[in-house]
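Structural features, examined
Each chain, letter by letter, is given below.
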Amino acid sequence: MTRESNRNVTYEAVMLGQVRPTTAELRALDDLFERLYATYNRPLYNYIYRLVGNWEQAEDLTQEVFLKAYNALGRLPADANHRAWLYRIATNASYDVLRRRRLIQWLPFFENDRASDFDDPARHTPDALAVQTALQRLPADQRSSLLLYVCDHFSTEEIAEIMGCSRGAVKTRLFRARERFRQVYAGGEEGLS
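Cut-offs and rules
Residues numbered from 1 in each chain as written. Predicted model: local features only at pLDDT ≥ 70, side-chain atom pairs only at ≥ 80, totals over all residues. Heavy atoms only, no water. Axes fitted to C-alpha atoms, helices over the stretch in contact; angles between N-to-C directions. Helix = DSSP H or I, 4+ residues; strand = E, 2+ residues; numbered from the N terminus. Parallel < 35°, antiparallel > 145°, perpendicular 65-115°, else oblique. Contact = heavy atoms within 4.5 Å. Nonpolar A, V, L, I, M, F, W, Y, C, P; charged D, E, K, R; others polar. Core = buried A, V, L, I, M, F, W, Y, C linked by side-chain atoms within 4.5 Å. Buried < 20%, exposed > 50% of the residue type's maximum accessible area, 1.4 Å probe, protein only. Polar contact = N/O pair within 3.5 Å; in protein donor to acceptor, adjacent residues only side chain to side chain. Expected span 1.5 Å × (residues − 1). Phe/Tyr/Trp six-rings, centres within 6.5 Å; stacked < 30°, edge-to-face > 60°. Salt bridge = Lys/Arg side-chain N within 4 Å of Asp/Glu carboxyl O. Left-handed = near helix turned anticlockwise from the far one by under 90°.

1. Quick notes on the packing of helix α8 (residues 156-163) against helix α9 (residues 167-185)
Across the interface, α8 lies against α9 with an axial gap of 8 Å and an inter-helix angle of 105°. By the criterion of interaxial angle, the relationship of α8 to α9 is roughly perpendicular. In contact with Thr156, Glu157, Ile159, Ala160 and Met163 of α8, α9 contributes Arg167, Val170, Lys171, Arg173 and Leu174. When the residues that make up the contact of α8 with α9 are grouped by side-chain class, the tally is five nonpolar, one polar and four charged.

Laid out in structure tokens, this is it:
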């Protein structure tokens, strides 16, 4: 049996220098990464931008997410949900920045998010500002769940995977987020903690 005919090589083993990859294996890895980048670059940027509220920082974090993803690609099971995996990396990277900043900013969500739209003062209508204010008053776990569900169309199961909690916890967070958002948006925030 030749080395090439029966290879069960992980990317991690290749990166650690334990195994020399074949040209085909390197090409397959590069192809997978390029597909992930092409498919998820813009949606991840939009998600991160809504979380951190700064387009330059969102660009940096998006690149950091893909760098982390590339480095961890070998540990990813073959049947893994790539989308949920990337969003989990993005969520964790964004939360790290926000914890350091100790300020969580959320921006209103529009159908086709573009950073330049948010930077344009003409886009800050009273309704958009009210949405932004209401989102800022939601606890972080509720905001993340709501944004992932409403803006990025994740299922509750995928959100649970991203946030590292149970599906029931996600449903509870979504319920509470909707209720709190309605109360704050309608101006009935008094008495809410």
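2. Quick word on the nonpolar core
Counting residues in hydrophobic clusters, the biggest one holds 47 residues, and the most contacted among them are Leu44, Ile48, Trp85, Leu86 and Leu148. Counting residues per element, the ones that place at least two in this core are α2 (23-52), α3 (55-72), α4 (82-101), α6 (126-136), α7 (140-150), α8 and α9. Tallying contributions element by element places α2 first for this core, with 11 residues. Excluding its chain neighbours within four sequence positions, the residues that come into contact with Ile48 are Gly53, Ala58, Leu61, Thr62, Val65, Ala90 and Ser94.

3. Digging into the environment of Thr156
Counting through the fold element by element, Thr156 comes out in helix α8. With a relative accessible area of 12%, Thr156 lands in the buried category. Taking the C-alpha atoms as reference points, Thr156 and Leu174, 18 residues apart in sequence, are found 9.0 Å from one another. If sequence neighbours within four positions are ignored, Thr156 has contacts with Tyr149, Arg167, Val170, Lys171 and Leu174. Among the polar contacts made by the side chain of Thr156, one reaches the side chain of Arg167 at a distance of 2.9 Å.

4. Digging into α4
With 20 residues, α4 should reach 28 Å at 1.5 Å per residue; the first-to-last C-alpha distance of 29 Å fits that figure. Among all positions of α4, only Ala84, Trp85, Leu86, Tyr87, Ile89, Ala90, Thr91, Ala93, Ser94, Tyr95, Val97 and Leu98 are buried. The inward-facing, buried residues of α4 abut α2, α3, α7 and α8. Put simply, Asn81 is the residue that caps the front of α4, since its side-chain oxygen is 3.1 Å from the backbone nitrogen of Arg83.

5. Looking at the environment of Tyr47
Mapped onto the secondary structure, Tyr47 falls in helix α2. For Tyr47, a relative accessible area of 0% corresponds to the buried category. Sequence spacing of Tyr47 and Ser144 is 97 residues, and the spatial spacing of their C-alpha atoms is 9.4 Å. Discounting chain neighbours no more than four positions away, the residues touching Tyr47 are Tyr87, Ala90, Thr91, Ser144, Leu148 and Asp152.

6. Overview of the packing of aromatic side chains
Two aromatic rings are characterised by how far apart their centres lie and by the angle between their planes. Inspection of the entire model under this criterion finds seven aromatic pairs. Taking 4.8 Å as the distance between ring centres and 65° as the angle between the ring planes, the aromatic pair formed by Tyr37 and Phe66 counts as edge-to-face. Highlighted residues: Tyr37 in helix α2 and Phe66 in helix α3, separated in sequence by 29 residues. Classification of Tyr37 as partly exposed rests on a relative accessible area of 29%. Ring centres 5.6 Å apart and planes at 10° place the aromatic pair Phe181 and Tyr185 in the stacked group.

7. Remarks on the pattern of salt bridges
Scanning all chains against the criterion turns up five salt bridges. A salt bridge links Arg83 to Glu158; the shortest N-O distance between them is 3.6 Å. Within this pair, whereas Arg83 is found in helix α4, its partner Glu158 is found in helix α8, the two being separated by 75 residues in sequence.

8. Focus on the packing of α2 against α4
Contact pair α2 / α4: the axes reach a minimum separation of 10 Å and the direction vectors enclose 35°. Between α2 and α4 lies a crossing of right-handed hand. Along the contact surface, α2 presents Leu32, Leu36, Tyr40, Pro43, Leu44, Tyr47, Ile48, Leu51 and Val52, while α4 presents His82, Arg83, Leu86, Tyr87, Ala90, Thr91, Ser94, Leu98 and Arg101. Partitioned by chemical class, the residues of the contact of α2 with α4 number 13 nonpolar, three polar and two charged.

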